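Spelled out from the first residue to the last, the chains are:
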Amino acid sequence: MATELVNTAPGVWHGEDQLPDGAALAVFAGEHGLSGEDDVDAVHELRDRLRAVLDLRDADDIERAASALVARGLGSVGLEPDERGRLQWIARPAADATLADRLALIGGVGVLGALRALGPERFRDCASDTCSGVFIDTSRPGRRRYCMPDLCGNRANVAAYRARRRASGGLS
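Residues numbered from 1 in each chain as written. Predicted model: local features only at pLDDT ≥ 70, side-chain atom pairs only at ≥ 80, totals over all residues. Heavy atoms only, no water.

Draft legend 1. Structural view of helix H3 (residues 40–55). The end-to-end C-alpha distance of H3, which contains 16 residues, comes to 22 Å, matching closely the 22 Å that a straight helix rising 1.5 Å per residue would cover. Buried residues of H3: Val40, Val43, His44, Leu46, Arg47, Leu50, Val53 and Leu54, and no others. Buried residues in H3 make contact with helix H1 (2–6), helix H2 (22–31), helix H4 (59–73), helix H5 (99–118), strand E3 (123–125) and strand E4 (134–136). For H3, the N-terminal cap is Asp39; the gap from its side-chain oxygen to the backbone nitrogen of Asp41 is 3.1 Å. (Helix = DSSP H or I, 4+ residues; strand = E, 2+ residues; numbered from the N terminus. Expected span 1.5 Å × (residues − 1). Buried < 20%, exposed > 50% of the residue type's maximum accessible area, 1.4 Å probe, protein only. Contact = heavy atoms within 4.5 Å. Polar contact = N/O pair within 3.5 Å; in protein donor to acceptor, adjacent residues only side chain to side chain.)

Draft legend 2. Representation of the environment of Val77 within the structure. With respect to the helices, strands and loops of the structure, Val77 is situated in strand E1 (residues 74–81). Each C-alpha atom of the pair Val77 and Phe28 lies 23 Å from the other, and the pair is 49 residues apart in sequence. Ignoring anything within four residues of it in the chain, the contact list for Val77 reads Trp89, Ile90, Ala91 and Arg92.

Draft legend 3. Spotlight on the packing of H3 against H5. Running from N to C, H3 and H5 point in directions that differ by 15 degrees, and their axes come no closer than 10 Å. In terms of orientation, H3 and H5 fall into the roughly parallel class. Considering how the two elements wind past one another, H3 and H5 form a crossing that is right-handed. Touching Ala42, Val43, Leu46, Leu50, Val53 and Leu54 of H3 are Ala100, Leu103, Ala104, Gly107 and Val111, all from H5. Residue composition of the contact of H3 with H5, by class: ten nonpolar, one polar and no charged. (Axes fitted to C-alpha atoms, helices over the stretch in contact; angles between N-to-C directions. Parallel < 35°, antiparallel > 145°, perpendicular 65-115°, else oblique. Left-handed = near helix turned anticlockwise from the far one by under 90°. Nonpolar A, V, L, I, M, F, W, Y, C, P; charged D, E, K, R; others polar.)

Draft legend 4. Spotlight on the side chain of Arg47. On the secondary structure map, Arg47 appears in helix H3. Discounting chain neighbours no more than four positions away, the residues touching Arg47 are Leu5, Val6, Thr8, Ala9, Pro10, Asp17 and Leu19.

Draft legend 5. The pairing of E1, seen in detail. Taken together, the seven bridges between E1 and strand E2 (residues 87–93) define a ladder with antiparallel strand orientation. Each residue of the ladder has a partner; that of Leu79, found in E2, is Trp89. Hairpin connection from E1 to E2: five residues lie between these consecutive antiparallel strands, with Gly85 at a positive phi of about 90 degrees. (Pairing = 2+ DSSP bridges.)

Draft legend 6. Representation of helix H6 (residues 149–167) within the structure. Taking 1.5 Å of rise per residue, the 19 residues of H6 would be expected to cover 27 Å, and the 25 Å separating its terminal C-alpha atoms lies within 8% of that figure. Backbone geometry just downstream of H6 places Gly169 in the positive-phi region, at approximately 85 degrees.

Draft legend 7. A look at the side chain of Arg122. Along the chain, Arg122 turns up in the loop between H5 and E3. Buried within the structure, Arg122 lacks any salt-bridge partner; its nearest side chain of opposite charge belongs to Asp137, at an N-O separation of 4.1 Å. Of note is the side chain of Arg122, whose polar atom sits 2.8 Å from the backbone oxygen of Asp137. Discounting chain neighbours no more than four positions away, the residues touching Arg122 are Phe135, Ile136, Asp137, Thr138, Ser139, Arg140, Pro141 and Gly142. (Lys, Arg positive; Asp, Glu negative; His and termini not counted. Salt bridge = Lys/Arg side-chain N within 4 Å of Asp/Glu carboxyl O.)

Draft legend 8. Here's a closer look at the pattern of salt bridges. Under the defined criterion, the tally for this structure stands at ten salt bridges. As a salt-bridge pair, Asp17 and Arg47 come within 2.9 Å of each other at their nearest N and O atoms. Within this pair, whereas Asp17 is found in the loop between H1 and H2, its partner Arg47 is found in helix H3, the two being separated by 30 residues in sequence. Residue Arg57 is joined to Asp125 by a salt bridge in which the shortest nitrogen-to-oxygen separation is 3.3 Å. Of the two residues, Arg57 is situated in the loop between H3 and H4 and Asp125 in strand E3; the sequence distance between them amounts to 68 residues. The exposure class assigned to Arg57 is partly exposed, which follows from its relative accessible area of 34%. Within this structure, Glu45, Arg49, Arg72 and Asp101 form a network of salt bridges that share partners.

Written as structure tokens, this is what we have:
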């Protein structure tokens, strides 16, 4: 969720903000099991803070910054069984937490979990020349290169294909 929120920023989408208003924010929140059309400016500020966390590469710096996000909306943390009966971390926001606070809590816990399980070397910038996105590589082999493989990766593959065709004298 943290990388998805960060990658809604205009720099990732060629100048187009994917969360321009409360309606778009409500859709994004709903896709992540949340509700609300909180102050869009507060969520944009959180998006910038999350981006700053994901741009860090030192484990201690990531931990401190992500912990600050968690503290913003924390009510409690615990374990609950998932549909298979395995215990999973659950972060419950404070009763008066805004949508931005709840997003900060979920994003911060996710970043901390990824840092613990995968290490800071999995925090990466998108390899696309036309994108400024970031992501946490959660793939098993750890070789992911693009923030949105279906978008950025596809664009890069199409550009490489066209360049090969031009170089071999084929049609572009």
